[in-house]
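# Descriptive analysis of the structure
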Amino acid sequence: MEAKTKATLIHWFRKGLRVHDNPALMQIFTTAQAAPKKFYVRPIFILDPGILDWMQVGANRWRFLQQTLDDLDKQLRQLNSRLYVVRGKPIEVFPRLFKSWNVELLTFESDIEPYAQTRDAAVQKIAKAAGIKVETHCSHTIYNPELVIAKNLGKAPITYQKFLALVEKLKLAKVLDKPEKLDALTQPSRDELEQENDKVYDCPSQEQLVKKPNELGPNIFPGGETEGLRRMEDSLNDELWVARFEKPNTAPNSLEPSTTVLSPYLKFGCLSSRLFYQRLKEILAKHPKHSQPPVSLVGQVLWREFYYTVAAAEPNFDRMLGNVYCLQIPWQEHPEHLEAWTYGRTGYPFIDAIMRQLRQEGWIHHLARHAVACFLTRGDLWISWEEGQRVFEQLLLDQDWALNAGNWMWLSASAFFHQYFRVYSPVAFGKKTDPQGNYIRKYCPELANYPNKQIYEPWLATLQAQREYGCVLGEDYPHRIVKHELVHKENIKKMSEAYKINREVRTGKQEDSMLNDDNDELEDDRSATGKRKGNKAAGAAKRRRK
DNA sequence: GTCGGAGTTGATATG
DNA sequence: ACATATCAACTCCGA
């Protein structure tokens, strides 16, 4: 067959949905450019229609992905290429493509997530059997998590400061520009494309990807590399702001974001974290008196690196059981409270406003995440962080396996952070940066007529006043589901107890746990919320020490 | 093994 | 507006 005379080079996009600073894409471009008569270039994205139904992805993130793929296709076309969106499962798609496209080389960006590792190992195996070369590149993070762990003698650093000390000694990879425009010969001819009906590789429309369009909110953060780069430049424009940035001094409840909102773009790799880091460093060099990690902007990027590193060493990073980092805490199930939290109906206006902003817009400030995460777990509701993780996983544009789990463990004082007696007040915390309650008035409009004095605590208003404000508790807005001033103290005691038990298991009686270790490894109940037997917790806690 | 200091971002009262 | 002490007390790390 004539088509066999030319070989195809594939770059497989997964995360890293960009053309700039993309070493795996660069590899096939430069290889083809060196011998355009020999190679076709085909950048692909694999879309499994099956996952649209079960994956924990809300409408807003589907839209973000759709817009990102659209933009990626445009960027590639400017380079004389295009995006081939292939429908199917990777293990079914690749054998087909390898054959019909006469593939010689496959490149992709490495990924530490367990599901990705399993998928990639399967694809590697298929490629090896077909005699196809595979090259992977680490470019989703600034530092390679595996290298950081190796540098720390095979163990992930579990404190941020330790992590900083480690990476300071590591070399930075060179940030790449976007590739040169390809020679036209690297593209299949019009005839060939028509023969294989290339329309099947077109980007999905919003209708195809967003199955529940009624759940879409305002499109405040459109997806794509172009928008990611634009947003970065916009943020970097004010150099003094960049140099003086301190996260704790930014407001969680401003009406316009007080931080960069680059997280969705970093999550999908629309924006290279390595480019952002380089640009930040260039600016800071001009401003000797700048803020420092952990609170600085560079510090924020390095938090992402920290969580990627610890997560890379633990396949159970998103669960309490069998997770080396995670304290075993007897969280309790409470479906009504979980539902109230999930949909912003706790009766605490600050908490509810945050949860509603999350649902509508797909992004909330980091400290807002703190407030609602503390409230769900150790602060008020005593519900497992895994439940909160699930809700965030669905609603956040920037949903990221490592960061989401890591931050939930942090906030619930299950790992990395241990000062559980520091509890956020669902009333006082927001008042510091928004005493007028404008944020609440926007996202909980039924409360808009409450005076400043009662907007954070509507239960202080008399029934007559509630009627006057046009919002009666129990009718127009819920009564608060718990009394924070009582419950948070009880929860601190529960945390103290849980810590004590974990400590005892760690240091003392380990005899009974020996027997159960193997069973724990087989534990696979992802919905478990901690109603565990004592010896199971003992086994899990014991492994934390290894 | 023990001890003290540090730890991205608490709330509150007091100066 | 900002700084400090108190609350009751965690883990990790390095000396």
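Since this is a predicted model, take the numbers as computed values, not measurements.

Here we come to the overall build of chain A. Counting its regular elements, chain A contains 26 helices and five strands. In terms of overall dimensions, chain A is globule-like: its C-alpha atoms have a radius of gyration of 25 Å, near the 24 Å expected for 546 residues. Counting all 546 residues of chain A, 57% fall into the buried class. Accessible surface computed for chain A: about 24700 Å², of which carbon and sulfur atoms make up 52%. Of the charged side chains in chain A, 77 are positive and 69 negative, and the gap between their average positions amounts to 4 Å.

A word on the protein's contact with DNA strand B. Around DNA strand B sit 20 residues, and of these Gln161, Pro248, His366, His370 and Ser425 come closest. If you look at DNA strand B and keep only atoms within 4 Å of the protein, 43% of those are sugar or phosphate atoms. In this structure, glutamine 161 approaches DNA strand B through a side-chain N or O atom, which is 3.0 Å from a phosphate oxygen. Within the backbone of proline 294, an N or O atom sits 3.1 Å from a base oxygen of DNA strand B. Those elements that provide at least two residues to the surface near DNA strand B are helix 7 (160–168), helix 14 (297–312), helix 17 (366–379) and helix 20 (428–431). In terms of residues, the surface near DNA strand B owes the most to one element, helix 17, which gives three residues. Partitioning the surface near DNA strand B into residue classes produces 11 nonpolar, six polar and three charged.

Strand order in the open sheet formed by five strands is 3-2-1-4-5, and the pairing between neighbours is parallel. This sheet does not close on itself; its edge strands, each paired only once, are strand 3 (84–87) and strand 5 (133–137). Put simply, the sheet's adjacent strands are angled 30 degrees from each other on average, direction ignored. Two elements, strand 4 (residues 103–109) and strand 5, share five bridges in a ladder whose sense is parallel.

So, on to the pattern of salt bridges. Evaluation of the coordinates by the stated rule reveals 25 salt bridges. Linking arginine 42 and glutamate 196 is a salt bridge whose minimum nitrogen-to-oxygen distance equals 3.0 Å. With arginine 42 in strand 2 (residues 39–47) and glutamate 196 in the loop between helix 8 (190–195) and helix 9 (206–209), this residue pair connects regions lying 154 residues apart in the sequence. The salt bridge partner of arginine 279 is glutamate 282, with a shortest N-O separation of 3.7 Å. With a gap of three residues between them, arginine 279 and glutamate 282 both fall in helix 13 (residues 273–285), about one helical turn apart. Judged by its relative accessible area of 21%, arginine 279 is partly exposed. Because the salt bridges share partners, they merge into one network encompassing Arg82, Arg190, Glu194, Asp198 and Asp202.

Before going further, it helps to examine the packing of aromatic side chains. Tallying each qualifying case throughout the model produces 37 aromatic pairs. When the centroid spacing of 6.3 Å and the interplanar angle of 75 degrees are considered together, the rings of tyrosine 160 and phenylalanine 306 count as edge-to-face. With tyrosine 160 in helix 7 and phenylalanine 306 in helix 14, this pair connects stretches of sequence that are 146 residues apart. Residue tyrosine 160 is classed as buried on the basis of its relative accessible area, which comes to 6%. The exposure class of phenylalanine 306 is buried, given its relative accessible area of 1%. Consider the rings of tyrosine 450 and tyrosine 469, whose centres lie 4.7 Å apart with planes at 55 degrees: the pair is tilted.

Before going further, it helps to examine helix 16 (residues 349–361). For helix 16, spanning 13 residues, the distance from its first C-alpha to its last is 18 Å, which sits close to the expected 18 Å at 1.5 Å a residue. The element helix 16 is extensively covered by neighbouring structure, given that 11 of its 13 residues are classed as buried. Along helix 16, the residues that are buried comprise Pro349, Phe350, Ile351, Asp352, Ala353, Ile354, Met355, Arg356, Gln357, Leu358 and Glu361. Looking one or two residues beyond helix 16, the residue adopting positive phi is glycine 362, at roughly 80 degrees.

Within the UniProt annotation, "site: Electron transfer via tryptophanyl radical" (unreviewed entry) is assigned to Trp331, Trp385 and Trp408. A maximum C-alpha distance of 13.6 Å is found for the annotated residues, which run over 78 residues; spatially they form one tight group. Note on placement: tryptophan 331 falls in the loop between helix 14 and helix 15 (335–342). Exposure remark for tryptophan 331: the relative accessible area of 1% places this residue in the buried category. With respect to the helices and strands, tryptophan 385 occurs in helix 18 (residues 385–395). Classification of tryptophan 385 as buried rests on a relative accessible area of 0%.

On to the environment of cysteine 270. Tracing the sequence through the fold places cysteine 270 in the loop between helix 12 (263–268) and helix 13. Judged by relative accessible area, which is 0%, cysteine 270 ranks as buried. The sequence separation of cysteine 270 and leucine 72 amounts to 198 residues, and the corresponding C-alpha distance is 8.7 Å. Among all residues touching cysteine 270, those that are not within four sequence positions of it are Leu17, Arg18, His20, Phe64, Thr68, Gly224, Glu225 and Tyr265.

With that settled, consider the protein's contact with DNA strand C. Close to DNA strand C lie 11 residues, the nearest being His418, Gln419, Tyr420, Tyr499 and Arg503. The protein-proximal atoms of DNA strand C, defined as those within 4 Å of the protein, are 87% sugar or phosphate. At 3.1 Å, a side-chain N or O of arginine 503 approaches a phosphate oxygen of DNA strand C. Sort the elements by how many residues they give to the surface near DNA strand C and helix 24 (residues 484–507) lands first, with three residues. Grouping the constituent residues of the surface near DNA strand C by class yields four nonpolar, three polar and four charged.

Moving on: the pairing of strand 1 (residues 7–13). The buried count for strand 1 comes to seven of seven residues, which makes it a mostly enclosed element. Side chains of strand 1 alternate between two faces, with Ala7, Leu9, His11 and Phe13 and Thr8, Ile10 and Trp12 buried alike. Here seven bridges tie strand 1 to strand 2, and the two strands are oriented parallel to one another. Across the sheet, residue isoleucine 10 finds its bridge partner in strand 2, namely arginine 42.

Here we take up the side chain of threonine 342. You can see threonine 342 is positioned in helix 15. Polar contacts involving the side chain of threonine 342 include one to the main-chain carbonyl oxygen of leucine 338, which spans 2.6 Å. Filtering out sequence-adjacent residues up to four positions away, threonine 342 remains in contact with Met355, Arg359 and Val391.

What counts and how
- Residues numbered from 1 in each chain as written.
- Chains lettered and ligands numbered in written order.
- Predicted model: local features only at pLDDT ≥ 70, side-chain atom pairs only at ≥ 80, totals over all residues.
- Heavy atoms only, no water.
- Helix = DSSP H or I, 4+ residues; strand = E, 2+ residues; numbered from the N terminus.
- Rg over C-alpha atoms; globule rule 2.2 N^0.38 Å.
- Buried < 20%, exposed > 50% of the residue type's maximum accessible area, 1.4 Å probe, protein only.
- Areas by Shrake-Rupley, 256 points an atom, 1.4 Å probe, with all protein chains shown as cover.
- Lys, Arg positive; Asp, Glu negative; His and termini not counted.
- Charge placed at Lys NZ, Arg CZ, Asp CG, Glu CD.
- Near = heavy atom within 4 Å.
- Polar contact = N/O pair within 3.5 Å; in protein donor to acceptor, adjacent residues only side chain to side chain.
- Nonpolar A, V, L, I, M, F, W, Y, C, P; charged D, E, K, R; others polar.
- Pairing = 2+ DSSP bridges.
- Axes fitted to C-alpha atoms, helices over the stretch in contact; angles between N-to-C directions.
- Salt bridge = Lys/Arg side-chain N within 4 Å of Asp/Glu carboxyl O.
- Phe/Tyr/Trp six-rings, centres within 6.5 Å; stacked < 30°, edge-to-face > 60°.
- Expected span 1.5 Å × (residues − 1).
- UniProt positions renumbered as here; feature names shortened; annotations may be inferred.
- Contact = heavy atoms within 4.5 Å.

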